[in-house]
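Each chain, letter by letter, is given below.
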Amino acid sequence: MNFDSFSHGQIKSKLWLCEELEKHIPKNSNVKILGSWYNILAFMLLTRNPNNYNSIEGIDINPDVQSIADKICNYWIAENQSVKNTLGDANQVEYTDTQVVINCSPEHMDNTDWYKKVPEGTVVCIQSISINDPLYPWLITTPHYGVEDMKTKYPMSAINYSGQIRIDYGSWGYDRYMLIGIK
């Protein structure tokens, strides 16, 4: 397991996402989280508001993360099967009966094809980072240069929230960007 998934920047970004996205999620939504990694976001969303969601599906292309995601989300899998962690390519996802799509790692995806498949009228939340280093450990393939850049790459019919936060470590840091809207 890569414990960076619990790092300060990861958790701060996800808390920010929860605080802002919860204002715009329809009650009893079916949610898909693309590039979900260990699906800590599902854990956080359900811990904060367990009755807000009908289901949350975490989808990641890495076969090594699914069993760990299942352990992290075990409570909701065992109690009411509201979380499902699946192996898959974000560009191949089907959105039948999905009201909300979240992608916190579009900078790691080779293109924006995943976004083209999201149906119009869907609530979409996208987070990205100001770092554009293609080398390990960042592995950025589709960099984002601010919220305005994201608005251009991911056109929405309505934007409910856009902003950025600074992840600051004194002599080093980065910005995290987020868009929430209706495709």
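Residues numbered from 1 in each chain as written. Predicted model: local features only at pLDDT ≥ 70, side-chain atom pairs only at ≥ 80, totals over all residues. Heavy atoms only, no water.

**Considering the overall build of the protein chain**
Logical step 1: When helices and strands are tallied, the protein chain shows six helices and seven strands.
Logical step 2: Across the protein chain, helices and strands are ordered from the amino to the carboxyl terminus as α-β-α-β-α-α-β-β-α-β-α-β-β.
Logical step 3: Relative to the 2.2 N^0.38 estimate, which gives 16 Å for 183 residues, the radius of gyration of the protein chain is 15 Å and therefore close to what a compact globule would have.
Logical step 4: C-alpha atoms of the protein chain, sized along the principal axes, occupy 45 × 40 × 30 Å.
Logical step 5: In the protein chain, which comprises 183 residues, the proportion classed as buried is 51%.
Logical step 6: A separation of at least 24 residues holds for 69% of the contacts in the protein chain among residues at least 6 apart in sequence.
Logical step 7: With an accessible surface of roughly 9,000 Å², the protein chain has 50% of that area assigned to carbon and sulfur atoms.
Logical step 8: Seen as two clouds, the 15 positive and the 21 negative side-chain charges of the protein chain have centres 4 Å apart. (Helix = DSSP H or I, 4+ residues; strand = E, 2+ residues; numbered from the N terminus. Rg over C-alpha atoms; globule rule 2.2 N^0.38 Å. Buried < 20%, exposed > 50% of the residue type's maximum accessible area, 1.4 Å probe, protein only. Contact = heavy atoms within 4.5 Å. Areas by Shrake-Rupley, 256 points an atom, 1.4 Å probe, with all protein chains shown as cover. Lys, Arg positive; Asp, Glu negative; His and termini not counted. Charge placed at Lys NZ, Arg CZ, Asp CG, Glu CD.)

**Quick word on the pattern of salt bridges**
Logical step 1: As enumerated under the stated definition, the model contains nine salt bridges in all.
Logical step 2: A salt bridge links Asp-175 to Arg-166; the shortest N-O distance between them is 3.4 Å.
Logical step 3: For Arg-166, a relative accessible area of 42% corresponds to the partly exposed category. (Salt bridge = Lys/Arg side-chain N within 4 Å of Asp/Glu carboxyl O.)

**Section: the sheet that holds strand S3 (residues 83-87)**
In a beta sheet, neighbouring strands are held together by backbone hydrogen bonds and run either parallel or antiparallel to one another.
Logical step 1: Spatially, seven strands are ordered S3-S2-S1-S4-S5-S7-S6 in an open sheet, and the strand pairing comes out mixed. Bordering the open sheet on either side are S3 and strand S6 (158-168), each of which pairs with just one other strand. With direction set aside, neighbouring strand axes in the sheet form an average angle of 15°.
Logical step 2: The strands touched by helix H1 (residues 8-21) within the sheet are strand S4 (100-103), strand S5 (123-129), S6 and strand S7 (173-182), with S6 carrying the most contacts at an inclination of about 155°.
Logical step 3: Sitting on the sheet, helix H2 (residues 40-48) is in contact with strand S1 (29-34), strand S2 (53-60), S3 and S4, with an inclination near 165° to S2. (Pairing = 2+ DSSP bridges. Axes fitted to C-alpha atoms, helices over the stretch in contact; angles between N-to-C directions.)

**Here's the deal with the environment of Asn-52**
Logical step 1: For Asn-52, the position within the fold is in the loop between H2 and S2.
Logical step 2: Here Asn-52 falls in the buried class, since its relative accessible area comes to 13%.
Logical step 3: Separated by 30 residues in sequence, Asn-52 and Glu-22 place their C-alpha atoms 8.5 Å apart.
Logical step 4: Discounting residues that sit within four places of it in the chain, Asn-52 has contacts with Ile-25, Pro-26, Lys-27, Asn-28 and Ser-29.

**Focus on unusual backbone geometry**
Logical step 1: We note that Asn-28 has phi near 60°; this positive angle belongs to a residue other than glycine.
Logical step 2: You can see Asn-28 is positioned in the loop between H1 and S1.
Logical step 3: Phi at Asn-39 takes a positive value of approximately 55°, unusual for a residue other than glycine.
Logical step 4: Relative to the helices and strands, Asn-39 resides in the loop between S1 and H2.

**Overview of the state of the cysteines**
Logical step 1: Scanning all chains against the criterion turns up zero disulfides.
Logical step 2: Unpaired in terms of disulfides, Cys-18 finds its nearest cysteine sulfur in Cys-104, a separation of 8.9 Å.
Logical step 3: The buried category is assigned to Cys-18, whose relative accessible area is 0%.
Logical step 4: Not engaged in a disulfide, the cysteine Cys-125 finds its nearest cysteine sulfur in Cys-104; these two sulfurs lie 5.9 Å apart. (Disulfide = S-S within 2.5 Å.)

**Quick word on H1**
Logical step 1: The end-to-end C-alpha distance of H1 is 20 Å, a good match for the 20 Å that 14 residues give at a rise of 1.5 Å each.
Logical step 2: Taken residue by residue, H1 has Gly-9, Ser-13, Lys-14, Trp-16, Leu-17, Cys-18, Glu-20 and Leu-21 as its buried positions. (Expected span 1.5 Å × (residues − 1).)

**Some words on the nonpolar core**
Among soluble globular proteins, nonpolar side chains are generally buried collectively.
Logical step 1: Counting 36 residues, the largest nonpolar core has Leu-17, Leu-21, Leu-41, Ile-56 and Ile-102 as its most contacted members.
Logical step 2: The dominant element in this core, judged by the number of residues it contributes, is H2, at six residues.
Logical step 3: Not counting residues within four places of it along the chain, the set of residues in contact with Leu-17 comprises Glu-22, Leu-41, Ile-102, Cys-104, Cys-125, Gln-127 and Met-178.
Logical step 4: Ranked by size, the runner-up nonpolar core spans 18 residues in total, among them Leu-34, Val-101, Val-118 and Met-150. (Core = buried A, V, L, I, M, F, W, Y, C linked by side-chain atoms within 4.5 Å.)

**Examining the environment of Leu-139**
Logical step 1: Checked against the element boundaries, Leu-139 lands in the loop between S5 and helix H6 (147-153).
Logical step 2: Separated by 52 residues in the primary sequence, Leu-139 and Leu-87 have C-alpha atoms spaced 20 Å apart.
Logical step 3: With residues up to four places along the chain from it excluded, the contact list for Leu-139 reads Glu-107, His-108, Asp-133 and Pro-134.

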